[in-house]
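Structural description and commentary
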Amino acid sequence: MCGFTLLEVSGHKFDFQQDHGCGPVLECAKNWEFIVFQQLQRRLVEQAPRILRHPLKLVPFSLQQSLMERLLASVFKEAIADGDFEFLAGKWLKVEVSDLELCWFISEQDGKLVVARHCEQADVCFSGTTNDLILIAGRKEDPDSLFFQRKLKIEGNTELGLEVKNLMDSLDLDGLPSLVRYPLLDLATFIERAKAGSAQEAHSAPAGGVAPQL
């Protein structure tokens, strides 16, 4: 890391445009800005679930239910029309976002997917963190890979769980509405880059030391 404080770097901003001899200082400033952005990106990805956990739990379930059912109907429109979710009729899939402490129970009734707060007995449960589930939805992570890393948990009826996973794998992102597709892809890319930055930082940290902090 270059031996310049933020104040010293800031003081050279005007000179950068006039003094061509400031190349090393300019390069140092650019590197410092990149490191700051990378650190902020990583911290945002790591801390967002903790920050959002309590506000999201205050959202009335009736609103969660309405939004989830509309989203599922839009995302899986073709699969529902083709009867691909009939295997969930009379059965319940529990989806749990562990770090947000949120969960929903999903079933198929009368040709549509319904969301409930509780059920008598969940047949299969999918559980993962916010970031991992977004990466799966955005095709940035393979569900099988996360399953073997124990980051994605599938419990209960194994056959039912495989059918749900296969439907997730067959989802065509290009067929999603633009209002869903682009924000999902942007968010998944943001999380992927932050995780890659964290891995690179950990790899480059000196043995027995710690990575530099802001």
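Use the structure listed above.
Now for a look at the structure at hand. (Residues numbered from 1 in each chain as written. Predicted model: local features only at pLDDT ≥ 70, side-chain atom pairs only at ≥ 80, totals over all residues. Heavy atoms only, no water.)

Quick look at the side chain of aspartate 99
Note on placement: aspartate 99 falls in the loop between strand S1 (93-97) and strand S2 (102-109). Of the side chains with opposite charge, arginine 53 lies nearest to the buried aspartate 99, which makes no salt bridge, at 6.6 Å. In terms of polar contacts, aspartate 99 uses its side chain to reach the side chain of threonine 130, at 2.8 Å. Setting aside anything within four residues of it in sequence, one finds aspartate 99 in contact with Pro49, Arg53, Thr129 and Thr130. (Helix = DSSP H or I, 4+ residues; strand = E, 2+ residues; numbered from the N terminus. Buried < 20%, exposed > 50% of the residue type's maximum accessible area, 1.4 Å probe, protein only. Lys, Arg positive; Asp, Glu negative; His and termini not counted. Salt bridge = Lys/Arg side-chain N within 4 Å of Asp/Glu carboxyl O. Polar contact = N/O pair within 3.5 Å; in protein donor to acceptor, adjacent residues only side chain to side chain. Contact = heavy atoms within 4.5 Å.)

Here's the deal with the environment of arginine 117
Relative to the helices and strands, arginine 117 is located in the loop between strand S3 (112-116) and strand S4 (124-128). Expressed as a C-alpha distance, the spacing of arginine 117 and leucine 102, which sit 15 residues apart in the sequence, is 10.0 Å. Contacts of arginine 117, omitting those with residues within four sequence positions, involve Phe61 and Phe105.

Focus: the pairing of S4
Here S4 lies mainly inside the structure; five of its five residues are buried. Alternating residues of S4 divide into Val124, Phe126 and Gly128 and Cys125 and Ser127, and every residue in both groups is buried. Two elements, S1 and S4, share five bridges in a ladder whose sense is parallel. Each residue of the ladder has a partner; that of valine 95, found in S4, is phenylalanine 126. Of the pairings in the sheet, the one linking S4 to strand S5 (residues 153-156) comprises four bridges and is antiparallel in character. (Pairing = 2+ DSSP bridges.)

Describing the packing of aromatic side chains
The geometry of an aromatic ring pair is captured by the separation of the ring centres together with the interplanar angle, meaning the angle of the planes. Enumeration according to the criterion identifies three aromatic pairs in this entry. A centroid spacing of 5.2 Å and a plane angle of 75 degrees characterise the contact between phenylalanine 76 and phenylalanine 85, whose relative ring orientation is edge-to-face. The pair phenylalanine 76 / phenylalanine 85 is uniform in exposure class, with both members buried. Here phenylalanine 85 and phenylalanine 87 contribute two aromatic rings whose centre-to-centre distance is 6.2 Å and whose plane-to-plane angle is 20 degrees, an arrangement assigned as stacked. The class of phenylalanine 85 is buried, set by a relative accessible area of 9%. By way of ring pairs, the aromatic residues Phe76, Phe85 and Phe87 are connected into one cluster. The ring of tyrosine 182 carries arginine 181 above its face, with NZ or CZ at 4.5 Å from the centroid. (Phe/Tyr/Trp six-rings, centres within 6.5 Å; stacked < 30°, edge-to-face > 60°. Lys NZ or Arg CZ within 6 Å of the ring centre and 35° of its normal.)

Notes on the pairing of S2
In terms of burial, S2 is largely enclosed, as six of its eight residues are buried. Bridge count between S1 and S2: five bridges; the pairing is antiparallel. By the bridge assignment for S2, valine 95 is matched with tryptophan 104. Note: S2 against S3, five bridges, orientation antiparallel. What sits directly across from phenylalanine 105, in S3, is alanine 116. Two successive antiparallel strands, S2 and S3, enclose a turn made up of two residues, where aspartate 110 displays a positive phi of approximately 55 degrees.

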